[in-house]
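Observations on the three-dimensional arrangement
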Amino acid sequence: MKQIYLVLTFLISCCLLQAQNELPLKGIAIAAPAKQDVNRFVKFINEELAPRNINTMVLRVDYNYEYKSHPELVNKSALSSEEINKIVEACKNHQIDIIPQINLLGHQSWAGSIEKLLEVYPEFDETPHVEMPEEYEWPNEDGLYCKSYCPLHPEVHKVVFDLVDEIVEVFQANAFHAGMDEVFYIGDTKCPRCGGRDKAELYAGEVTKIRNHLASNGKRLWIWGDRLIDGKTTGMGMWEASMNNTYRAINLIPKDVMICDWHYERADPTAVYFAMNGFDVATCSWRKPEVALKQQQMLKDLKANATDEMKNRYRGMLHTVWTSAGNFLDMFYAEDSKEVNEATTFKALFKAS
């Protein structure tokens, strides 16, 4: 009898330990679908995300919604509130939290095109002296990857916060993703407001301003984590980390900001860096199944071997999709495809139950 009791105690302890170390966040970050793909996207939510127990969707909306507050910033063929409601209802039915995203600070242009904010409000441009090329190439003499808005412009936050508030409301969201990744233009020497200022303080000031605005309405800020990592010391370079000193902002921003920590070529263990600095963190995968699975196991191992104070900061996995929603669905439903891509990595990471 004693042996049976000991075995049962051991099995119960193992089950409790396994449950304790499970990763609570199972998510996907993807662009909002085009109009013609909304119904197919809803079907994907119902038939693919739900069986995989996906509980979080970061949806990149940017200017692809018919904003009432600033109709001048609406892209052609933007989604209507009715189309958004189809997505919201599907997610609500399956307990999937939607976190809408608008790229703030950086990513105000792409290749040779200006995004809506700087197209309509060119006065917000951090680097107006840098002209957009007819044919974009990288690298280039101007160091142009994506434009940024000036975080110290006195009018910029009135505009972007109107959009943030509206998009959070229409998606019935409790959090908002501000992007904030790959910011190369910040504190430009020719900017009359930012020139000569500490880039880490500028970056931290913008994160804090956005966070405080959201917190005043009971919402939480999510951002990508790359600008908070020292690119030189880690050897991670200018894309997955910062080479312009914004990394020092990690000690200057509020600890309730949710960090999305992306690395796509290796399973870099930077989740522990964010957790040890007091942040909740999700590890982000992309298009290499072997890397994604290593990241997932690493996160479980970190959680299993963490103190009680650290355990809950390792939130889980957020799979990122950087093609259009339509292209992703094509890849996902492709029959007999041997291609390794974002969709096959997603399937490897999250098995249907």
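Structure's up top.
The structure reproduced in this document is the subject of the present report.

Procedures and definitions
One numbering rule holds for all chains: residues counted from 1, following each sequence as written. The predicted nature of this model means local features are confined to residues of pLDDT at least 70 and side-chain atom pairs, given and counted, to a pLDDT of 80 or more, with totals for whole chains, interfaces and linings taken over all residues. Water and hydrogen atoms were dropped before computing side-chain values, which therefore reflect all heavy atoms in the structure. Note on conventions: DSSP H or I runs of at least 4 residues are helices, E runs of at least 2 residues are strands, and numbering of each starts at the N terminus. The globule rule is 2.2 Å times the number of residues to the power 0.38, and the radius of gyration it is compared with is taken over C-alpha atoms. Working definition: with a 1.4 Å probe on protein chains only, accessible area under 20% of the residue-type maximum means buried, over 50% means exposed, and in between means partly exposed. Whether two residues are in contact is decided by their heavy atoms, any of which lying within 4.5 Å being enough. Per-residue and other accessible areas were derived by the Shrake-Rupley procedure at a 1.4 Å probe size, with only the shown protein chains allowed to occlude residues. Lines are fitted to the C-alpha atoms to define the axes, a helix being fitted only along its stretch in contact, and any angle between axes, read from their N-to-C directions, falls within 0 to 180 degrees. Oblique is the label for every angle not falling under 35 degrees (roughly parallel), over 145 degrees (roughly antiparallel), or within 65 to 115 degrees (roughly perpendicular). Lys, Arg, Asp and Glu make up the charged group, whereas Ala, Val, Leu, Ile, Met, Phe, Trp, Tyr, Cys and Pro make up the nonpolar group; the residues left over, Gly among them, are polar. Centres within 6.5 Å are what make two rings of Phe, Tyr or Trp a pair, Trp counting through its six-membered ring; a difference in plane orientation under 30 degrees is then read as stacked, over 60 as edge-to-face, and the rest as tilted. Only lysine NZ and arginine CZ atoms are considered, and such an atom sits over a ring when it is within 6 Å of the ring centre and within 35 degrees of the ring normal. Strands qualify as paired when DSSP identifies two bridges or more between them. Seen with its strands pointing away from the viewer, a crossover is right-handed if its path from the first strand over the helix to the second goes clockwise.

**Quick notes on the overall build of the chain**
- Along its length, the chain carries 13 helices and ten strands.
- Scaling as 2.2 N^0.38, a compact globule of 353 residues should have a C-alpha radius of gyration of about 20 Å, and the chain matches this with 21 Å.
- Here the chain holds 353 residues, and 54% of them are scored as buried.
- By sequence separation, contacts in the chain at least 24 residues apart represent 74% of the contacts at least 6 residues apart.
- Only carbon and sulfur atoms are counted for the fraction: they give 51% of the accessible area of the chain, which is about 16500 Å².

**Let's talk about the packing of helix H2 (residues 38–49) against helix H3 (residues 81–93)**
- Between H2 and H3, whose axes approach to 9 Å, the crossing angle comes to 5°. Relative to H3, the element H2 is oriented roughly parallel. Counting all contacts with H2, which are made through Val38, Asn39, Phe41, Val42, Ile45 and Asn46, the residues of H3 involved are Glu83, Lys86, Ile87, Ala90 and Cys91.
- Of the residues belonging to the contact of H2 with H3, the class tally is seven nonpolar, two polar and two charged.

**Digging into the packing of aromatic side chains**
- The final tally for this structure, using the stated rule, is 22 aromatic pairs.
- Between Trp138 and Trp239, the aromatic rings sit 5.5 Å apart at their centres with planes inclined by 70°, giving edge-to-face as the arrangement. On the criterion of sequence distance, the pair formed by Trp138 in the loop between helix H4 (116–120) and helix H5 (156–170) and Trp239 in helix H8 (residues 237–240) is long-range, its members being 101 residues apart.
- In this structure Trp138 comes out as partly exposed when scored by relative accessible area, which is 35%.
- The exposure class of Trp239 is partly exposed, given its relative accessible area of 29%.
- What links up through ring pairs into an aromatic cluster is the set Phe41, Phe44, Phe328, Phe332, Tyr333, Phe346 and Phe350.
- The ring centre of Phe332 lies 4.4 Å from the NZ or CZ of Lys347, which sits over that ring.

**Let's talk about the pairing of strand S6 (residues 175–179)**
- Most of S6 is tucked away: five of the five residues are buried.
- In this sheet, S6 lies alongside strand S3 (residues 97–104) in parallel orientation, the contact comprising two bridges. What sits directly across from Gln101, in S6, is His177.
- Relative to strand S7 (residues 220–224), S6 runs parallel, the two sharing three bridges. The residue bridging Phe176 from the neighbouring strand is Leu221, located in S7.
- Read from S6 through helix H6 (residues 199–215) to S7, the crossover connection turns out right-handed.

Interpretation note: all reported values are geometric properties and have no functional meaning in isolation.
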